[in-house]
Amino acid sequence: MSKEAIEVFRECIPLFQALSDPYRQDIILMLSEGEALTVNEITGKTSLSRPAISHHLKILRDNQLVQIEQKGTHRYYSLAIDSSLELLKKLIITVEQHC
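A brief look at the structure comes next. Every value quoted in this text rests on a predicted model; they were computed, and no experiment measured them.

**Digging into the overall build of the protein chain**
- On a plain count of helices and strands, the protein chain comes out with five helices and two strands.
- Ordered by position from the N terminus, the helices and strands of the protein chain form the series α-α-α-α-β-β-α.
- C-alpha extents for the protein chain along the principal axes are approximately 50 × 25 × 20 Å.
- Looking at the protein chain as a whole, 30% of its 99 residues are labelled buried.

Laid out in structure tokens, this is it:
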């Protein structure tokens, strides 16, 4: 494998780790329905506690998979996957070209 492919794979590790958790996958699928949700709304649709949902949302936010919009006292979470998709496309192209 080329050095470039290895570097792109390593660049993707945090994203893969964020996506590897089933609860985070569930949150992404909930948000993919298009509606922005609060922590309480997400909590109501899962078996996890509010602090656990907040923890998962922080990981997703740190990996640029969700974004927050403040409306009054509520924080609404929605998908923001464009940069992650670009990184995954870069990985696919690199693997196709170098492996």
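**Observations regarding the packing of aromatic side chains**
- Within this structure, the stated rule accounts for zero aromatic pairs.
- In this structure, K71 packs its charged tip against the face of Y76, placed 5.2 Å from the ring centre.

**Details of helix α5 (residues 82-98)**
- Under the 1.5 Å per step criterion, the end-to-end length of α5 is 24 Å for 17 residues, consistent within 8% with the ideal 24 Å.
- All of the buried residues along α5 are S84, L87, L91 and T94. For α5, the angular spread of the buried residues around the axis is 90 degrees, confining them to a single face. Facing away from the buried side of α5 by over 90 degrees, the exposed positions are D82, E96 and Q97.
- Residues of α5 that are buried sit in contact with α1 (3-19).

**So, the pairing of strand β2 (residues 74-79)**
- Pairing analysis gives six bridges linking strand β1 (residues 66-71) to β2, with the strands arranged antiparallel. Looking at β2, one finds that Q67 is bridged to S78.
- Hairpin connection from β1 to β2: two residues lie between these consecutive antiparallel strands, with G72 at a positive phi of about 65 degrees.

**Points about the nonpolar core**
- Judged by nonpolar contacts, the single largest core of 20 residues is most densely connected at I27, I42, I53, L57 and L60.
- Elements supplying a minimum of two residues to this core: α1, α2 (22-31), α3 (39-44), α4 (50-62) and α5.
- Beyond its immediate stretch of four places on either side in the chain, I53 contacts I27, V39, I42, T43, T46 and L48.

**Observations concerning unusual backbone geometry**
- Backbone geometry places Q64, a non-glycine residue, at a positive phi of 55 degrees.
- Structurally, the position occupied by Q64 is in the loop between α4 and β1.

Reading the values: the criteria
- Residues numbered from 1 in each chain as written.
- Predicted model: local features only at pLDDT ≥ 70, side-chain atom pairs only at ≥ 80, totals over all residues.
- Heavy atoms only, no water.
- Helix = DSSP H or I, 4+ residues; strand = E, 2+ residues; numbered from the N terminus.
- Buried < 20%, exposed > 50% of the residue type's maximum accessible area, 1.4 Å probe, protein only.
- Phe/Tyr/Trp six-rings, centres within 6.5 Å; stacked < 30°, edge-to-face > 60°.
- Lys NZ or Arg CZ within 6 Å of the ring centre and 35° of its normal.
- Expected span 1.5 Å × (residues − 1).
- Arc of directions from axis to C-beta.
- Contact = heavy atoms within 4.5 Å.
- Pairing = 2+ DSSP bridges.
- Core = buried A, V, L, I, M, F, W, Y, C linked by side-chain atoms within 4.5 Å.

Any link to function would need more than the numbers given here.
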